[in-house]
Amino acid sequence: MRWDAEKYDAVKAPRVDAGRELIAGAKVQDIDTILDIGCGTGKLTLELALLAHNAEVIGIDPSEEMMNKAKETCAQVQNISLLPLTAQVINFGDKFDLVFSNSALQWVKEHDKVLESVYRALKKGGRIAFQFPAKNFCKEFTKAVTYAIEVVGLEDRYSEWKSPWTFFTESEFSGKLKQAGFINIDVTCKDYTLGFESVNDTLDWWASAGLRPYLDPLSERQREYFQYAFAMSFENNRTENGIKLNFRRLFAFAGKG
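Not measured: the values here are computed from a predicted model. (Residues numbered from 1 in each chain as written. Predicted model: local features only at pLDDT ≥ 70, side-chain atom pairs only at ≥ 80, totals over all residues. Heavy atoms only, no water.)

Student: I'm lost on the packing of helix 9 (residues 199–207) against helix 11 (residues 220–232) in this one. Help?
Tutor: In a pair of packed helices, the angle between the axes and the distance between the axes together describe the arrangement. The geometry of helix 9 relative to helix 11 is characterised by a closest axis approach of 9 Å and an angle of 120 degrees between their N-to-C directions. With respect to helix 11, the axis of helix 9 lies oblique. Crossing geometry of helix 9 relative to helix 11 is assigned as right-handed. Where helix 9 abuts helix 11, its residues V199, L203, W206 and A207 lie against Q227, F230, A231 and M232. Within the contact of helix 9 with helix 11, the residues separate by chemical class into seven nonpolar, one polar and no charged. (Axes fitted to C-alpha atoms, helices over the stretch in contact; angles between N-to-C directions. Helix = DSSP H or I, 4+ residues; strand = E, 2+ residues; numbered from the N terminus. Parallel < 35°, antiparallel > 145°, perpendicular 65-115°, else oblique. Left-handed = near helix turned anticlockwise from the far one by under 90°. Contact = heavy atoms within 4.5 Å. Nonpolar A, V, L, I, M, F, W, Y, C, P; charged D, E, K, R; others polar.)

What follows is the structure in C-alpha cells.
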C-alpha cells in the first residue's frame, strides 16, 4: 500500500496529540538510545532526538513515501538514523534504552514475534512506550465503512477482505507483553474526541490513513462513490459545533528486567 506522506502529515489527528503524551510518559533522558518503530514522517522522531540529544535515535518505517518525508523532517539533526525496515525484521541486541512506537503497531500482524524482538533489542533495564488504537477504536468509522459498502453495492468485493490491522483490549495486550518477558506492565485506554467542520474535512482525515486499505482494491469510479457515501454518513455525527468523532487508544509502558 502506497502512502500520501504529505496528506498524512497535513491532517490534524489524535495520533499526534497522543504521541506527544506518549513521549511525556516515556520520560526521555538526554542519553537514551531510542528505536522509533513506524516513525512515519519523522515528526515525533525529531522530538525524541531533540530530547535524547546525547544519544542515537533510529527510526524505522517500511514505506518509501514516509521515509522520504522523514528524511526532510529530520535533515538538520545529527543524531537520527532512518532505516527502511518493518517491525518484523528488527534484529538488534541489547542496544536501546527505549523502544518507542506511536500509532503504528496496529499495522503489525506478528505481534508475538515483534515483541520478542523488541525485548531482545532493549538493554537491561530498558523500557517501551507504545501507543496505538484500541479494539473498537472508533465505532463511527466502522458504521461509516459498513454503510458505504452497502450503498455502493460492494458486499461481494469485501466478503473475503482481510483487515490489515490488529487491535487489542488492555488485558489482551498486557498478556502479550507478559508473555514476551516484560515487567512493570502498565496498559491503559484513553478516549479522545476530534472535531471537524464538514464531511469533506472528515473524509480528508480518514483518507490519509484509516480508509486507504478499503480504497486500494477499488476502481477510480468506485472510490469516488465509496468516499461520497462514507463521508455523507458522518452527517449523523453533526452537532452545533461540527462533526464529532470519538477515538479509543491504548498506551503501553513496560520494562526489561
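That covers the picture; the talk isn't over yet.
Student: Teacher, can you tell me more about the packing of aromatic side chains here?
Tutor: The way to describe two aromatic rings as a pair is by their centre distance and the angle between their planes. If you walk through the whole model with that rule in mind, you get 24 aromatic pairs. On the basis of an interplanar angle of 65 degrees and a centroid distance of 6.1 Å, the ring pair of F141 and Y214 is categorised as edge-to-face. Of this pair, F141 sits in helix 6 (residues 139–152) while Y214 is found in helix 10 (residues 212–215), placing the two residues 73 residues apart along the sequence. Pairing W165 with Y214 gives two aromatic rings, centres 6.0 Å apart and planes at 50 degrees, and the pair type is tilted. (Phe/Tyr/Trp six-rings, centres within 6.5 Å; stacked < 30°, edge-to-face > 60°.)

Student: Could you clarify how one ought to interpret the packing of helix 6 against helix 11 in this entry?
Tutor: Viewed as axis vectors pointing N to C, helix 6 and helix 11 meet at an angle of 135 degrees, and their least axial separation amounts to 8 Å. Between helix 6 and helix 11, the crossing angle belongs to the class labelled oblique. Crossing of helix 6 over helix 11 shows right-handed handedness. Contacts from F141, A144, V145, Y147, A148, I149, V151 and V152 of helix 6 reach helix 11 at Y225, F226, A229 and F230. Grouping the amino acids of the contact of helix 6 with helix 11 by side-chain chemistry returns 12 nonpolar, no polar and no charged.

Student: Sorry if this is basic, but what is going on with the pairing of strand 5 (residues 122–133) here?
Tutor: Moving residue by residue along a regular strand, the side chains alternate between the two faces of the sheet. Two strands pair when backbone bridges link them, and strand 4 (residues 96–102) and strand 5 are joined in this way by six bridges, in the parallel orientation. By the bridge assignment for strand 5, F96 is matched with L122. Read as a crossover between parallel neighbours, the route from strand 4 over helix 5 (residues 111–121) to strand 5 is right-handed. The pairing of strand 5 with strand 8 (residues 242–255) spans seven bridges and is antiparallel. (Pairing = 2+ DSSP bridges. Right-handed = clockwise from strand over helix to strand, strands pointing away.)

Student: Just checking my understanding: could you explain helix 5 for this structure?
Tutor: Because an α-helix completes one turn every 3.6 residues, residues spaced three or four positions apart along the sequence face the same direction. Within helix 5, burial applies to H111, V114, L115, S117, V118 and A121. Buried positions in helix 5, seen along its axis, are confined to an arc of 160 degrees and lie on one side of it. Against strand 1 (34–37), strand 4, strand 5 and helix 8 (170–179) lie the buried residues of helix 5. (Buried < 20%, exposed > 50% of the residue type's maximum accessible area, 1.4 Å probe, protein only. Arc of directions from axis to C-beta.)

Student: How do you make sense of the pattern of salt bridges when you look at a structure like this?
Tutor: Side chains carrying opposite charge are able to pair once their charged atoms draw close together. This structure, assessed with the given rule, holds 11 salt bridges. Between R127 and D32 there is a salt bridge, with its nearest N and O atoms 2.6 Å apart. Here the residue R127 occupies a position in strand 5, and D32 occupies one in the loop between helix 2 (14–26) and strand 1, the gap between them amounting to 95 residues. Relative accessible area serves as the criterion here: at 21%, R127 is assigned to the partly exposed category. The exposure class assigned to D32 is buried, which follows from its relative accessible area of 6%. (Salt bridge = Lys/Arg side-chain N within 4 Å of Asp/Glu carboxyl O.)

Student: What's the story with unusual backbone geometry in this structure? I'm lost.
Tutor: Glycine aside, a negative phi is what most residues show, and trans is what most peptide bonds show. For S103, which is not glycine, the phi dihedral falls at a positive 55 degrees. Inspection of the secondary structure assignment puts S103 in the loop between strand 4 and helix 5. Overall, the relative accessible area of 9% leaves S103 in the buried class. The backbone of N136 shows a phi angle near 55 degrees, a positive value even though the residue is not glycine.

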